[in-house]
Amino acid sequence: MAVKLLILDRDGVINHDSDAYIKSVAEWIPLPGSIEAIAQLSKAGWTVAVATNQSGIARGYYDLATLDAMHARLRELVAQQGGEVGLIVYCPHGPDEGCDCRKPKPGMLRTIAEHYGTGLNGLWFVGDSLSDLEAAKAVDCQPILVKTGKGEKTLGKTLPVGTLIFDDLAAIAAELIHN
Ligand SMILES: O=P(O)(O)OC[C@@H](O)[C@H]1O[C@@H](OP(=O)(O)O)[C@@H](O)[C@@H](O)[C@@H]1O
Ligand SMILES: [Mg+2]
Ligand SMILES: [Zn+2]
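Just so it is clear, the structure is predicted and the values come from calculations on it, not from any experiment. (Residues numbered from 1 in each chain as written. Chains lettered and ligands numbered in written order. Predicted model: local features only at pLDDT ≥ 70, side-chain atom pairs only at ≥ 80, totals over all residues. Heavy atoms only, no water.)

A. Representation of the side chain of Thr 148. Relative to the helices and strands, Thr 148 resides in the loop between β5 (142-146) and α6 (151-155). Thr 148 gets classed as buried once you look at its relative accessible area, which sits at 17%. A polar contact is formed between the side chain of Thr 148 and the backbone oxygen of Gly 12, at a distance of 2.7 Å. Ignoring any residue separated from it by four or fewer positions in sequence, one finds Thr 148 in contact with Gly 12, Val 13, Leu 31, Asp 128, Asp 167 and Asp 168. (Helix = DSSP H or I, 4+ residues; strand = E, 2+ residues; numbered from the N terminus. Buried < 20%, exposed > 50% of the residue type's maximum accessible area, 1.4 Å probe, protein only. Polar contact = N/O pair within 3.5 Å; in protein donor to acceptor, adjacent residues only side chain to side chain. Contact = heavy atoms within 4.5 Å.)

Here you go:
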């Protein structure tokens, strides 16, 4: 039986993104339909995990307490709709630190798969940036591009072979729940 585990990028997929980074809970604003989509998936038996680059920590734009508060808010909103959010993994490092977790490296995807005791092959990883899709490809996940956030801009780039494209997270939930 296929593992019902969906991995999501955060900024630009779950919530609005900003070139000025998302620096506070007040700036962390869900995209239309994203909370409902996560709740519906959860109630349909899917585990929804998150893998997010958060270089704003390394850059000093916000601290870990603020980042945790954003994720508590996400969990609270999904719980209000009767669903739950699974493991949230973030990379707090800057681009020049050479860590193993910053996308396009697949370290966070590996962490999530190990946490749930599953392989990565074919797991859907949903992102709005090319680095998300490249991370997916690196570990044989299925790269999924949404047009929200930076997705429209990413559409203009050369995408990994096999990338599937959806308008938004709601469309992905509809596809996974009803097929
Ligand atoms: O989309 P996810 O991975 O959830 O998070 C992306 C954020 O960490 C930020 O990533 C930054 O990229 P750099 O980290 O500066 O290259 C910029 O793209 C920001 O606009 C964006 O808010
Ligand atoms: Mg993103
Ligand atoms: Zn890292």
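B. Representation of the coordination of the zinc ion (ligand 3) within the structure. Coordination of the zinc ion (ligand 3) by the protein comes from Cys 91 (SG), His 93 (ND1), Cys 99 (SG) and Cys 101 (SG), over a distance range of 2.0 to 2.3 Å. Positions of the donor residues of the zinc ion (ligand 3), expressed as sequence spacing, correspond to C-x1-H-x5-C-x1-C. On the basis of relative accessible area, Cys 99 is assigned to the buried category, the value being 13%. (Donors = N, O, S within 2.8 Å, 3.2 Å for Na, K, Ca; no water.)

C. The arrangement of the pairing of strand β2 (residues 47-53) in detail. Within β2, 6 of the 7 residues are buried, leaving the element largely enclosed by the surrounding structure. Sheet topology note: the strand β1 (residues 5-8)/β2 ladder contains 4 bridges and is parallel. Counted as the bridge partner of Leu 8 is Val 50 from β2. For the crossover that starts at β1, traverses helix α1 (residues 34-43) and ends in the parallel β2, the hand is right-handed. Bridge count between β2 and strand β3 (residues 88-91): 4 bridges; the pairing is parallel. Residue pairing across strands places Ala 51 opposite Val 89, the latter belonging to β3. (Pairing = 2+ DSSP bridges. Right-handed = clockwise from strand over helix to strand, strands pointing away.)

D. Spotlight on the confidence of the model for the protein chain. With 99% of its residues at a pLDDT of 70 or more, the protein chain has an overall mean of 98. In the predicted complex, the global pTM is 0.98; the interface-specific ipTM is 0.97. (pLDDT = per-residue confidence, 0-100.)

E. Geometry of the site of ligand 1. Within the structure, ligand 1 sits among 16 residues, and Asp 17, Tyr 21, Thr 52, Asn 53 and Arg 102 are positioned closest to it. Asp 11 has a polar backbone atom sitting 2.8 Å from an oxygen atom of ligand 1. Between ligand 1 and Tyr 21 there is a distance of 2.5 Å, counted from an oxygen atom to a side-chain nitrogen or oxygen. Contact with the protein chains removes 83% of the 510 Å² of surface that ligand 1 exposes when unbound. Tallied by class, the residues present in the shell around ligand 1 amount to 1 nonpolar, 5 polar and 10 charged. (Near = heavy atom within 4 Å. Areas by Shrake-Rupley, 256 points an atom, 1.4 Å probe, with all protein chains shown as cover. Nonpolar A, V, L, I, M, F, W, Y, C, P; charged D, E, K, R; others polar.)

F. Representation of helix α4 (residues 107-115) in the model. Gly 107, Met 108, Leu 109, Ile 112 and Ala 113 are the residues of α4 that are buried. Considering only its buried residues, α4 is in contact with β1, β2, β3, β4 (124-127) and α5 (130-138).

G. Examining the packing of aromatic side chains more closely. This structure, assessed with the given rule, holds 2 aromatic pairs. For the ring pair Tyr 21 and Tyr 61, a centre distance of 4.9 Å and an interplane angle of 70° mean the geometry is edge-to-face. Taken as a pair, Tyr 21 in the loop between β1 and α1 and Tyr 61 in the loop between α2 (55-58) and α3 (64-80) lie far apart in primary sequence, 40 residues in all. When its relative accessible area of 24% is taken as the criterion, Tyr 21 is described as partly exposed. Taking relative accessible area as the criterion, Tyr 61 reaches 41% and is therefore assigned partly exposed. (Phe/Tyr/Trp six-rings, centres within 6.5 Å; stacked < 30°, edge-to-face > 60°.)

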